[in-house]
Amino acid sequence: MATKPEADPEVYDEKTQFPSDPGGLWPQPLWKQSGVWVGQYCLTCIEQSVPRVSALALRPTTYLECTSSRDVLLQKCKVTGEIGNDGDFKQHFRMSKHEHPLKVKKAWQNPMQNHVWSKAEIEERMKDLPTHTPETLTDKAMHFLVKTLLYHTFNRITGFNPTNPTAKSCEWRLIILESVAGVPGMVAAGMRHFRSLRTLRRDYGWIHTLLEEAENERMHLLVCLKMFNASHLTRFAVVAAQYTMVGFLGLTYLIHPKALHRFVGYLEETASKTYFDLVTAVNTPGTHLHREWAHLKAPQIAIDYWRMDKDSMWSDVLMNLFADETNHRDVNHTFATMKNDDPNPYVHKHLEDAAKAWQVSSKQTINDGTSAKPATQP
């Protein structure tokens with residue numbers, strides 16, 4: 001580490017008002033910034049750390065010198081005492097390399113526990129894709145809306161070929177699909193919540209399952225966004241679909257709740273088929289998805305959420321997504337056959353899922369010899 005001699009505050013270049021540097025030791029160019037003289041330095045490609053002297057403040061100032069043109073002045077954080085760039089301390093603490101002054105963790109454990117699927121459970125569900133046969137007039141209307149109108153139209157818009165889809169068509173499709181799938185559960189839970197308050201009566205456990213469904217679909221979306229980028233067109237489509245769906249689904253649930261659950265049941269049938277097709281394509285040599293997705297690793301947010309093995313692949317994530325959608329399919333088709341004040345038969349399952357997740361986390365803790373790693377912030 002080189003040390004620069006003390007600068008004479010009385011010696012300035014009259015033309016530039018910069019401190020003169022007869023010895024040629026100052027890096028060029030120099031200019032005034034925030035009351036001190038700052039050179040051209042950057043934290044992103046550190047070459048050497050050189051102590052400098054501020055000509056105006058007459059105090060030692062440390063710079064990190066490199067060939068880039070970014071102005072950087074290392075400072076000491078007033079709260080944590082860490083050394084870094086002022087920009088680091090102004091960033092949100094999750095984006096910064098520095099620790100939060102209140103010791104807040106950058107990762108977060110999702111309190112709503114999803115079912116932890118075993119490999120055997122997923123393989124059993126992939127053996128068969130049951131579908132509901134519409135019986136009532138409402139069933140037939142919802143079946144036509146989802147299976148004929150929405151599914152085939154969506155395939156044409158996205159260019160999705162179920163037998164050999166391209167990665168590009170799947171990326172756009174999954175983001176739109178999961179952003180829409182997260183709406184019905186939240187709408188239904190909200191409607192039942194307000195109904196319980198309005199009528200001063202219990203809900204009999206439906207709200208919890210519907211909220212878990214909405215949160216699960218939101219996590220699906222966040223997992224997909226770790227793998228794919230959403231274009232401006234995709235974001236516009238998501239916003240447009242949400243504004244359209246919330247009003248339609250809310251009105252439907254207010255008038256005929258069973259119709260909404262049947263709608264979601266059929267929607268989840270198509271989602272299950274989509275993920276089944278994707279898993280099949282990824283595991284089939286010669287397909288577009290096998291070439292582009294077979295080598296991809298699972299994102300950390302998925303590993304944490306489903307308690308997956310650390311070496312899991314993206315194809316394993318797709319299998320968990322498939323299993324979740326089959327569960328939503330069964331739940332909503334069941335709700336569509338029940339009365340509004342019937343007890344929710346799935347309440348016990350949430351308690352079992354929480355207990356199973358705790359057991360998996362405890363096992364991982366013992367195997368790793370450390371505390372379980374918290375999930376990524378959703």
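Cut-off values and rules
- Residues numbered from 1 in each chain as written.
- Predicted model: local features only at pLDDT ≥ 70, side-chain atom pairs only at ≥ 80, totals over all residues.
- Heavy atoms only, no water.
- Helix = DSSP H or I, 4+ residues; strand = E, 2+ residues; numbered from the N terminus.
- Buried < 20%, exposed > 50% of the residue type's maximum accessible area, 1.4 Å probe, protein only.
- Contact = heavy atoms within 4.5 Å.
- Patch = residues over 30% accessible without salt bridge, like charges linked within 9 Å, V, L, I, M, F, W, Y side chains within 5 Å.
- Areas by Shrake-Rupley, 256 points an atom, 1.4 Å probe, with all protein chains shown as cover.
- Salt bridge = Lys/Arg side-chain N within 4 Å of Asp/Glu carboxyl O.
- Phe/Tyr/Trp six-rings, centres within 6.5 Å; stacked < 30°, edge-to-face > 60°.
- Lys NZ or Arg CZ within 6 Å of the ring centre and 35° of its normal.
- Axes fitted to C-alpha atoms, helices over the stretch in contact; angles between N-to-C directions.
- Left-handed = near helix turned anticlockwise from the far one by under 90°.
- Nonpolar A, V, L, I, M, F, W, Y, C, P; charged D, E, K, R; others polar.
- pLDDT = per-residue confidence, 0-100.
- Core = buried A, V, L, I, M, F, W, Y, C linked by side-chain atoms within 4.5 Å.
- Polar contact = N/O pair within 3.5 Å; in protein donor to acceptor, adjacent residues only side chain to side chain.
- Parallel < 35°, antiparallel > 145°, perpendicular 65-115°, else oblique.

Considerations on the overall build of the protein
Alright, step 1. Across its full length, the protein carries eleven helices and six strands.
Alright, step 2. Residues classed as buried in the protein amount to 44% of the 378 residues present.
Alright, step 3. The long-range share in the protein, meaning contacts at least 24 apart out of those at least 6 apart in sequence, stands at 62%.

Some remarks on a nonpolar patch on the surface
Alright, step 1. Together, F144, L149 and L150 give the surface a local cluster of nonpolar side chains, amounting to about 280 Å² of exposed area.
Alright, step 2. Positionally, L149 belongs in helix 3 (residues 137–158).
Alright, step 3. For L149, a relative accessible area of 40% translates into the label partly exposed.

A few points about the packing of aromatic side chains
Alright, step 1. According to the stated counting rule, one finds nine aromatic pairs in the structure shown.
Alright, step 2. When the ring of F276 is compared with that of F322, the centres are 6.2 Å apart and the planes differ by 50 degrees; the resulting orientation is tilted. You can see F276 sitting in helix 7 (residues 257–282) and its partner F322 sitting in helix 10 (residues 314–335), a full 46 residues away along the chain.
Alright, step 3. Under the relative-accessibility criterion, F276 is labelled partly exposed at 24%.
Alright, step 4. By relative accessible area, which is 0% here, F322 ends up buried.
Alright, step 5. An angle of 75 degrees between the planes, with centres 5.1 Å apart, marks the rings of Y305 and W306 as edge-to-face. Considered together, Y305 and W306 belong to a single accessibility category, that of buried residues.
Alright, step 6. Each member of the aromatic cluster is reached from another via a ring pair, and the members are W206, F335 and Y346.
Alright, step 7. Over the face of the ring belonging to F160 we find R173, whose NZ or CZ atom lies 4.1 Å from the ring centre.

Description of the packing of helix 2 (residues 119–126) against helix 10
Alright, step 1. Here helix 2 crosses helix 10 at 65 degrees, and the two axes come no closer than 10 Å. In this structure, helix 2 crosses over helix 10, and the sense of that crossing is left-handed. Note on element contacts: helix 10 touches helix 2 through M319, N320, F322, A323, T326, N327, R329 and D330, opposite I122, R125 and M126.
Alright, step 2. For the contact of helix 2 with helix 10, the per-class residue count stands at five nonpolar, three polar and three charged.

Details of the confidence of the model for the protein
Any segment with low pLDDT has predicted coordinates that should not be analysed in fine detail.
Alright, step 1. Per-residue confidence for the protein averages 78 on the pLDDT scale, and 66% of its residues sit at or above 70.
Alright, step 2. The element-level mean pLDDT for the protein is lowest in strand 1 (residues 31–33), coming to 39, with helix 10 highest at 97.
Alright, step 3. The low-confidence segment residues 1–72, where pLDDT is below 50, has 129 contacts with residues more than four positions distant or belonging to other chains.
Alright, step 4. Predicted confidence is poor over residues 370–377, with pLDDT under 50, and the contacts of this stretch with residues over four places away or in other chains come to 23 contacts.

Observations concerning the nonpolar core
Alright, step 1. Counting residues in hydrophobic clusters, the biggest one holds 37 residues, and the most contacted among them are Y275, L278, L289, W293, W306, V317 and L318.
Alright, step 2. Those elements giving two or more residues to this core turn out to be helix 2, helix 4 (167–199), helix 5 (206–227), helix 7, helix 8 (288–293), helix 9 (300–305) and helix 10.
Alright, step 3. With seven residues, the single largest contributor to this core is helix 10.
Alright, step 4. Filtering out sequence-adjacent residues up to four positions away, W293 remains in contact with A167, C170, E171, L174, F228, L278, V282, W314 and L318.
Alright, step 5. Counting 25 residues, the second largest nonpolar core, distinct from the first, contains F154, W206, L210 and V331.

Regarding the side chain of D203
Alright, step 1. Along the chain, D203 falls in the loop between helix 4 and helix 5.
Alright, step 2. With relative accessibility at 9%, the residue D203 sits in the buried group.
Alright, step 3. A polar atom in the side chain of D203 sits 2.8 Å from the backbone nitrogen of W206.
Alright, step 4. Discounting residues that sit within four places of it in the chain, D203 has contacts with R192 and S196.

Looking at unusual backbone geometry
Alright, step 1. The phi dihedral of L200 falls on the positive side, at around 60 degrees, and the residue is not glycine.
Alright, step 2. Looking at the element boundaries, L200 is found in the loop between helix 4 and helix 5.
Alright, step 3. Phi is positive for Y204, close to 65 degrees, though the residue is something other than glycine.
Alright, step 4. By the element assignment, Y204 lies in the loop between helix 4 and helix 5.

With respect to the packing of helix 4 against helix 7
Alright, step 1. Remark: helix 4 packs on helix 7, axes separated minimally by 11 Å, with the N-to-C direction vectors making an angle of 155 degrees. Considering the angle they form, helix 4 stands roughly antiparallel to helix 7. The chirality of how helix 4 crosses helix 7 is left-handed. Two secondary-structure elements touch here, helix 4 through C170, R173, L174, L177, E178, P184 and A188 and helix 7 through L260, V264, A271, T274, Y275 and L278.

Examining the environment of A141
Alright, step 1. Within the element layout of this structure, A141 appears in helix 3.
Alright, step 2. Along the primary structure A141 and R262 are separated by 121 residues, whereas in three dimensions their C-alpha atoms are 9.9 Å apart.

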